[in-house]
Amino acid sequence: MSNRPNTLYLVVPCYNEEEALPHSAQVMREKLNRLVTEGKASPRSKILLVNDGSRDGTWKIIHDLCDRDPAFAGLSFSRNYGHQSAILAGMMAARQHADIAVTIDADLQQDIEALDQFLEKYQAGCEIVYGIRNDRNTDGFFKRLTANGFYGLMHLLGCRVMSNHADYRLLSKKALDALAEYKEVNLFLRGLIPTMGFSSDVVYFDVKEREAGASKYTLRKMLTLATDGITSMSTRPIQLITVLGFLVSVFSALMIIYCIADWFMGRNVPGYTTSLVVSLLMGGLTIFSLGIVGEYVGKIYLETKARPRYIVESFIWKDGNSQKNDKNNSEQSE
């Protein structure tokens, strides 16, 4: 096993987590202490908390943690930009100081004790390590059904995503630098990171019950993530529309031949029901197809404007007795 640089940054996206964060921060700090004591992480390692435009007291808690303990760093958006942007901003800020960045949710349902295995894989030469949950027993029936359906659909559409992987991962400095080269606005990190092609491995972990607060990942956010994932990583839906259009055209041609044959044979068929069904079918398919094409056109529109993926309002970082507070209005806190 090689002795690779091991300055670790835990990147923790936070959105309205004032109930869970005090306890989670304590657990993360204790775990980081153990890793440093065991020589698995450098004493320069930190916990970087990213405030994704929270409307509660989350940023105040982060600010207080940073004031009391230099092991904590804080980054705050000017508004809510979403979970994927918060993860990316944290990783881009961490790559300036860290050899390794591990992203983990603030509720710590992802087992933080699996960090030891992540670091072992990294020391063995892996540039990326994915955290994969063993099962979905802690999820309700509906969430389990939709999650399995989502991963099944993504695989069907040719997207390279890992089933039951939810942004609990390790990236080395090399992988972070490569990720910084990707400039798209529509972020789907679960599909984007596997395309980089570095040596990787997986770590399996058990999901814990949330100790405080409620999940902020609503059905609307899950649907948005699914749409972003499909339209960002696959063009197969447009290809399916082409195939569907061809099949409908063949069907229409056959119907025309059938109707002409009926006319020549003198059959008096009213055809009201048939015409109505065909019209409704064609209208539904047309609108549905336009909707899919519209999603892609909308994504192209956003990409061509090249607006910032996020705006950092505050960045708190301590190094010994010195403290840095940056206000940045650019895309990244670099």
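Being a predicted model, the structure only gives us computed values, none of them experimental.

## Let's talk about the overall build of the chain
For the chain, the count of helices and strands is ten helices and nine strands. Counting only residues that meet the buried cut, the chain has 45% of its 334 residues in that class. Approximately 17,100 Å² of the chain is accessible, and the part contributed by carbon and sulfur atoms is 58%.

## Some words on the pairing of strand β4 (residues 100-103)
On β4, burial covers both faces: I100 and V102 on one face and A101 and T103 on the other are all buried. For strand β1 (residues 8-14) and β4, the ladder comprises four bridges, and the chain directions are parallel. The partner of L8 across the bridge, within β4, is I100. Sheet analysis places β4 next to strand β6 (residues 165-172), joined by four bridges and oriented antiparallel. Counterpart to I100 in the pairing with β6 is S172.

## Digging into the nonpolar core
Counting residues in hydrophobic clusters, the biggest one holds 37 residues, and the most contacted among them are V12, M28, I47, L49, Y168 and L170. Secondary-structure elements contributing two or more residues to this core are β1, α1 (21-37), β2 (46-51), α2 (58-68), β4, α4 (115-123), β6 and β7 (200-205). If near-sequence neighbours (up to four positions away) are discounted, L170 is found in contact with I100, A101, V102, F118, L119, Y122, E127, I128 and V129.

## With respect to the pattern of salt bridges
Tallied over the entire structure, the rule returns 14 salt bridges. One salt bridge connects D64 with K60, and the closest N-O pair in it is separated by 3.1 Å. You can see D64 and its partner K60 sitting in helix α2, four residues apart, about one turn around the helix. Taken together, the salt bridges that share partners define one network made up of K31, R34, E38, K40, E113 and D116.

## Observations concerning the packing of aromatic side chains
Aromatic rings considered in pairs are described by the distance between their centres and by the relative angle of their planes. The tally for this structure, following the rule as stated, stands at four aromatic pairs. Relative to Y81, the ring of F77 has its centre 5.4 Å away and its plane inclined at 85°; by these criteria the two rings are edge-to-face. Of the two residues examined, F77 and Y81, each falls in the buried class. Where F118 meets Y168, the ring centres are 4.8 Å apart and the plane angle is 40°; that geometry is what we call tilted. Residue F118 is found in helix α4, and its partner Y168 is found in strand β6; the two are separated by 50 residues along the sequence. Each of the two residues, F118 as well as Y168, counts as buried. Three or more aromatic residues joined by ring pairs form one cluster here, namely F77, Y81 and Y310. K46 extends its terminal NZ or CZ atom over the ring of W317, reaching a point 5.3 Å from the ring centre. Between the NZ or CZ atom of R79 and the centre of the ring of Y81, over which it lies, the distance is 3.9 Å.

## Some thoughts on the packing of α1 against α2
For the pair α1 and α2, the least separation of the axes is 11 Å and the interaxial angle reads 30°. Remark: the crossing between α1 and α2 carries right-handed chirality. The residues of α2 that touch α1, namely those facing L21, P22 and A25, are T58, I61, I62 and L65. When its residues are assigned to classes, the contact of α1 with α2 shows six nonpolar, one polar and no charged.

## Regarding unusual backbone geometry
Trans is the common state for peptide bonds, and a negative phi is the common state for residues other than glycine. Here N16, not a glycine, exhibits a phi torsion of approximately 50°, which is positive. With phi around 55°, L108 is a residue other than glycine that occupies positive phi space.

## What about the confidence of the model for the chain?
Of all residues in the chain, 71% attain a pLDDT of 70 or more, and the chain-wide mean is 80. This stretch, residues 328-334, has a pLDDT under 50; its non-local contacts, to residues over four places away or in other chains, come to 23 contacts.

## Details of the pairing of β6
Of all eight residues in β6, seven are buried; the element is thus mostly enclosed. Direction of pairing for strand β5 (residues 128-133) relative to β6: antiparallel, over a ladder of four bridges. Residue Y130 lies in a different strand from β6, and its bridge partner there is R169.

## Remarks on the environment of T286
Tracing the backbone shows T286 in helix α10 (residues 272-305). A relative accessible area of 43% places T286 in the partly exposed class. Taking the C-alpha atoms as reference points, T286 and G245, separated by 41 residues in sequence, lie 9.0 Å from one another.

## Thoughts on helix α3 (residues 83-94)
Under the 1.5 Å per step criterion, the end-to-end length of α3 is 17 Å for twelve residues, consistent within 8% with the ideal 16 Å. Most of α3 sits inside the fold, with eleven of its twelve residues counted as buried. Every buried residue of α3 is listed here: Q84, S85, A86, I87, L88, A89, G90, M91, M92, A93 and A94.

## Looking at the environment of N51
One can find N51 in strand β2. Spatially, the C-alpha atoms of N51 and R79 are 9.1 Å apart, while their sequence positions differ by 28 residues. In this view, N51 contacts C14, T58, W59, I62, L75, S76 and F77; residues no more than four positions away in its chain are not counted. Among the polar contacts listed, one links the side chain of N51 to the side chain of S54, at a separation of 2.7 Å.

Procedures and definitions
- Residues numbered from 1 in each chain as written.
- Predicted model: local features only at pLDDT ≥ 70, side-chain atom pairs only at ≥ 80, totals over all residues.
- Heavy atoms only, no water.
- Helix = DSSP H or I, 4+ residues; strand = E, 2+ residues; numbered from the N terminus.
- Buried < 20%, exposed > 50% of the residue type's maximum accessible area, 1.4 Å probe, protein only.
- Areas by Shrake-Rupley, 256 points an atom, 1.4 Å probe, with all protein chains shown as cover.
- Pairing = 2+ DSSP bridges.
- Core = buried A, V, L, I, M, F, W, Y, C linked by side-chain atoms within 4.5 Å.
- Contact = heavy atoms within 4.5 Å.
- Salt bridge = Lys/Arg side-chain N within 4 Å of Asp/Glu carboxyl O.
- Phe/Tyr/Trp six-rings, centres within 6.5 Å; stacked < 30°, edge-to-face > 60°.
- Lys NZ or Arg CZ within 6 Å of the ring centre and 35° of its normal.
- Axes fitted to C-alpha atoms, helices over the stretch in contact; angles between N-to-C directions.
- Left-handed = near helix turned anticlockwise from the far one by under 90°.
- Nonpolar A, V, L, I, M, F, W, Y, C, P; charged D, E, K, R; others polar.
- pLDDT = per-residue confidence, 0-100.
- Expected span 1.5 Å × (residues − 1).
- Polar contact = N/O pair within 3.5 Å; in protein donor to acceptor, adjacent residues only side chain to side chain.

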